[in-house]
Amino acid sequence: MTEDREVDVLIVGAGFAGIGMGIQLARRGRNSFVIIEQADDVGGTWRDNRYPGVSCDVPSHLYSFSFRPNPNWSRVFAEGGEIHAYLRECVAEEGLSGRLRLNCALEEAAWDEGRARWRVRTSRGHFTARSLVIATGRLSEPKIPAIKNLDGFGGRWWHSARWNAKVSLVGKRVGLIGTGASAIQILPRLVTEASDVVVFQRSAPYILPRGDREYSREEMERFAADPSTVTELRESLFEEAERGFGARQRRHPDIDLLRQRALDHLTASVPDPELRRRLMPDYEIGCKRILFSDDYYAALRRDHVRLESTSLARIADDGARRGTGGTRGGSRVVVAAGGASYELDVLVLATGFNSTRPSIAGHIRGRWSRMLSDEWRNGMAAHASTTVHGFPNMYVLDGPNAALGHNSAIYMIETQVGYVLHALDHLQDSGAAALDVTAEAVGSYMNDIDAMARDTVWTRGGCTSWYRDERTGRVTLLWPASATSFAERLATFAPAEYEHLDSRG
């Protein structure tokens, strides 16, 4: 099926951001929009990540739309399948199915200066849109590390976001690459099946107790009977999370108390002093993402689990140990950066995502035929974390400086959606053909970001992280302040920060 269609708003991506944008457009009677999604289902991160143990590390009632509360969350921290089901339910009950185009990948979006429209080519045909909303998120492109001769591995390997459920891990020797948010959820499940597990740790994470549990029947009945109880719980969870920002500002005693909680958890969970030493982070807490688990340390202590304190460097040349484990089609001997070698049957790459340099930027062409990837050559930048100079009527959700290191991403998405709605209203009322944020507005906003980030743990914590651009070192993913301050900053749409363009068509 192909189509050639004109719409007012075209949304790229059907995860939380794209679905949230679509819901709010539909609720406001803005029915001329379409959501394109390159996969065969909605859900984004929660569609793609199906690894054993996948769940959210933000409480369920906070990690959901405020305008679509769900009294039926089964746990304090929902598992991935339950979140995916919630998003599917949002699409069905909000009437978005008819505006959704699955298996529809963006191939190119180009600004037509004469008509003041976006011309969008997809795998299912062409669209013309007055406004373009990029809602592809930052956790959609798996990052494959530079492991020498990876394709020469004689066993099976895959990224955690592309889990191969067809391969049984029972009795297998498995290498788990990484110790981030996905890895600490995978390991406790992995050790129940694999005969041997090697965890390759590039840097030790800070881990706090998770405290997950099922909601009781009485609690769920109360949530369903009285919606205000859900609202109150959400507000309480939000306020508790906001209080955690003081530690990210390196305030005392906030950061000292947070650090001590993590170290106490490590001490209580790992009695072996040598293993505990190897699991001690060498940077300040919060510099990298803080993780939550009640069973990761216990899994590491299992007799058939080994912690390799360096990253996986290479796959040994085929035949390096021929006759003692080598197989036809490649070597199963892997070598860590520290020199140790292991024979493994499966490699699981829990190595995160290409978040700071999204590939979609190479498919979007704005004014003067400028590619978004060129505009972002020194790192992602946007005014109000949403609009980019030279790309009129384009809005990026969950992109530059729109993530948080201490609270819910859904709150940030909702804030951005509100900003986009204000922009669309102004565009309609102003009579302009398009709005292009000025370079000065972007520059001023980014200067504010840099100033806010300057004395935070993300820049002074002694680590490198995915929060910062790998080339420039600038904090380009995080809003380096409270979630509340983000909402305050985006609460007002200022027309003076935008050039009002007329159509020449």
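To keep things clear, this report deals only with the structure shown in the data block. (Residues numbered from 1 in each chain as written. Predicted model: local features only at pLDDT ≥ 70, side-chain atom pairs only at ≥ 80, totals over all residues. Heavy atoms only, no water.)

## Re the nonpolar core
Generally speaking, soluble globular proteins have nonpolar side chains that are buried together. The test is simple: To define a nonpolar core, start from buried Ala, Val, Leu, Ile, Met, Phe, Trp, Tyr and Cys residues and group those joined through side-chain atoms within 4.5 Å. Remark: exposure states derive from per-residue accessible area (1.4 Å probe, protein chains only) relative to the maximum for the residue type, with buried under 20%, exposed over 50%, and partly exposed in between. Strands here mean DSSP runs of E at least two residues long; helices mean DSSP runs of H or I at least four residues long; both are numbered from the N terminus. Contacts are assigned to residue pairs with any non-hydrogen atoms lying within 4.5 Å of each other.
Of all hydrophobic cores here, the largest spans 115 residues; its most connected members are Phe16 and Phe65. Tallying contributions element by element places helix 12 (residues 409-430) first for this core, with 10 residues. Ignoring anything within four residues of it in the chain, the contact list for phenylalanine 16 reads Trp46, Tyr63, Ser64, Phe65, Ile83, Tyr86, Leu87, Ile410 and Ile413. Of all hydrophobic cores here, the second largest spans 31 residues; its members include Ala109, Ala116, Ile134 and Met394.

## Notes on the packing of helix 5 (residues 217-225) against helix 6 (residues 227-242)
Any two packed helices are characterised by how steeply their axes cross, that is the angle between the axes, and by the distance between the axes. The cut-off we apply is this: Axis definition: a line fitted to C-alpha atoms, over the contacting stretch in the case of helices. Angles run 0 to 180 degrees between N-to-C directions. When describing relative orientation, an angle under 35 degrees is termed roughly parallel and one over 145 degrees roughly antiparallel, while 65 to 115 degrees is termed roughly perpendicular and anything else oblique. All amino acids are sorted into three groups, where Ala, Val, Leu, Ile, Met, Phe, Trp, Tyr, Cys and Pro are nonpolar, Asp, Glu, Lys and Arg are charged, and the leftover types, Gly among them, are polar.
Put simply, helix 5 and helix 6 touch, their axes get as near as 4 Å, and they point 105° apart. With respect to helix 6, the element helix 5 is oriented roughly perpendicular. Across from Arg222, Phe223 and Ala225 in helix 5, the residues of helix 6 making contact are Pro227, Thr229, Val230 and Leu233. Grouping the constituent residues of the contact of helix 5 with helix 6 by class yields five nonpolar, one polar and one charged.

## A closer look at the pairing of strand 4 (residues 106-112)
Short version of the rule: One requirement defines pairing of two strands: DSSP has to find at least two bridges between them.
Taking burial as the measure, the seven residues of strand 4 include five buried ones, the bulk of the element. Judged from the six bridges that link them, strand 4 and strand 5 (residues 117-122) form a sheet pairing that is antiparallel. Paired with tryptophan 111 across the bridge in strand 5 is tryptophan 118. Between the end of strand 4 and the start of strand 5, which pair antiparallel, lie four residues, with alanine 116 showing a positive phi angle near 55°. Where strand 4 lies against strand 17 (residues 364-365), two bridges are found, and the strand directions are parallel. Looking at strand 17, one finds that alanine 110 is bridged to arginine 365.

## A word on unusual backbone geometry
A cis amide bond links histidine 252 with the next residue in sequence, proline 253, at an omega value of 10°. Structurally, the position occupied by proline 253 is in the loop between helix 7 (245-248) and helix 8 (254-269). In this structure, asparagine 103 is a non-glycine residue whose phi angle is positive, near 50°. With respect to the helices, strands and loops of the structure, asparagine 103 is situated in the loop between strand 3 (100-101) and strand 4. With a phi close to 60°, arginine 250 is a non-glycine residue in the positive phi region.

## Brief notes about the packing of aromatic side chains
Remark: the centre distance and the inter-plane angle together describe each pair of aromatic rings, the angle taken between the planes. Threshold: Aromatic pairs are defined between Phe, Tyr and Trp rings, using the six-membered ring for Trp, whenever the two ring centres lie within 6.5 Å; interplanar angles under 30 degrees are classed as stacked, those over 60 as edge-to-face, and all others as tilted. Our definition puts a charge over a ring when NZ of Lys or CZ of Arg is within 6 Å of the ring centre and also within 35 degrees of the ring normal.
Per the counting criterion, the structure on display carries 21 aromatic pairs. When the ring of tyrosine 206 is compared with that of tyrosine 283, the centres are 5.5 Å apart and the planes differ by 85°; the resulting orientation is edge-to-face. Taken as a pair, tyrosine 206 in the loop between strand 9 (196-200) and strand 10 (207-208) and tyrosine 283 in the loop between helix 9 (273-278) and strand 11 (291-292) lie far apart in primary sequence, 77 residues in all. Residue tyrosine 206 is classed as buried on the basis of its relative accessible area, which comes to 7%. Clustering of aromatic rings is evident, with ring pairs tying together Phe16, Trp46, Tyr63, Phe65, Phe67, Trp73 and Tyr86. Above the ring of tyrosine 283, the side-chain terminus of lysine 288 is found at 5.9 Å from the ring centroid.

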